[in-house]
Amino acid sequence: MNAEGSFWRDPPGYFDQLVYPAYVDAHKAIFSDADVEKGSPVLPGLVLIEPLQMGMDDIVTRCCEELVAVLRNSTATETEEAKT
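Right, let's walk through the structure included here. (Residues numbered from 1 in each chain as written. Predicted model: local features only at pLDDT ≥ 70, side-chain atom pairs only at ≥ 80, totals over all residues. Heavy atoms only, no water.)

A short note on the environment of Phe15
Stage number 1. Note that Phe15 resides in helix H1 (residues 14-27).
Stage number 2. Judged by relative accessible area, which is 44%, Phe15 ranks as partly exposed.
Stage number 3. When near neighbours in sequence (up to four residues on either side) are disregarded, Phe15 contacts Tyr20 and Pro21. (Helix = DSSP H or I, 4+ residues; strand = E, 2+ residues; numbered from the N terminus. Buried < 20%, exposed > 50% of the residue type's maximum accessible area, 1.4 Å probe, protein only. Contact = heavy atoms within 4.5 Å.)

Right, here's the structure in full:
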């Protein structure tokens, strides 16, 4: 809601001319061939969530699994470092 009490409405062309080109520019370095739509992630460990191919429950589950894995790896690394 904005200051006038109504909801924001995108002006014509806002997404296509401003938002999406900015997204592409900001994210092209993390995809092969700088292709944010069809390129594969090039950063090690980057997990790509495909929201159009997954239900919300599956997305949340996948995100939680990834977070748990990171925490487990972090804890294991800290434990190993403490032993040395």
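So much for the structure itself; the text now carries on.
Some thoughts on unusual backbone geometry
Stage number 1. One non-glycine residue, Asp33, lies in positive phi territory at about 55 degrees.
Stage number 2. Along the chain, Asp33 falls in the loop between H1 and helix H2 (56-83).
Stage number 3. Given the relative accessible area of 78%, Asp33 is considered exposed.
Stage number 4. Here Ala34, not a glycine, exhibits a phi torsion of approximately 55 degrees, which is positive.
Stage number 5. Considering the arrangement of structural elements, one finds Ala34 in the loop between H1 and H2.
Stage number 6. According to the relative accessible area criterion, Ala34 is partly exposed, its value standing at 40%.

Regarding H1
Since one α-helical turn is 3.6 residues long, residues separated by three or four positions face the same way.
Stage number 1. Taking 1.5 Å of rise per residue, the 14 residues of H1 would be expected to cover 20 Å, and the 19 Å separating its terminal C-alpha atoms lies within 8% of that figure.
Stage number 2. Maximum bend of H1: about 25 degrees, positioned at Tyr20, with proline Pro21 one to four residues after it. (Expected span 1.5 Å × (residues − 1). Bend = angle between axes of the 7 residues up to and from the residue.)

Here's the deal with the pattern of salt bridges
Stage number 1. In this structure the tally under the stated criterion is two salt bridges.
Stage number 2. Asp25 is paired through a salt bridge with Lys28; the nearest N and O atoms lie 3.2 Å apart.
Stage number 3. The exposed category is assigned to Asp25, whose relative accessible area is 52%. (Salt bridge = Lys/Arg side-chain N within 4 Å of Asp/Glu carboxyl O.)

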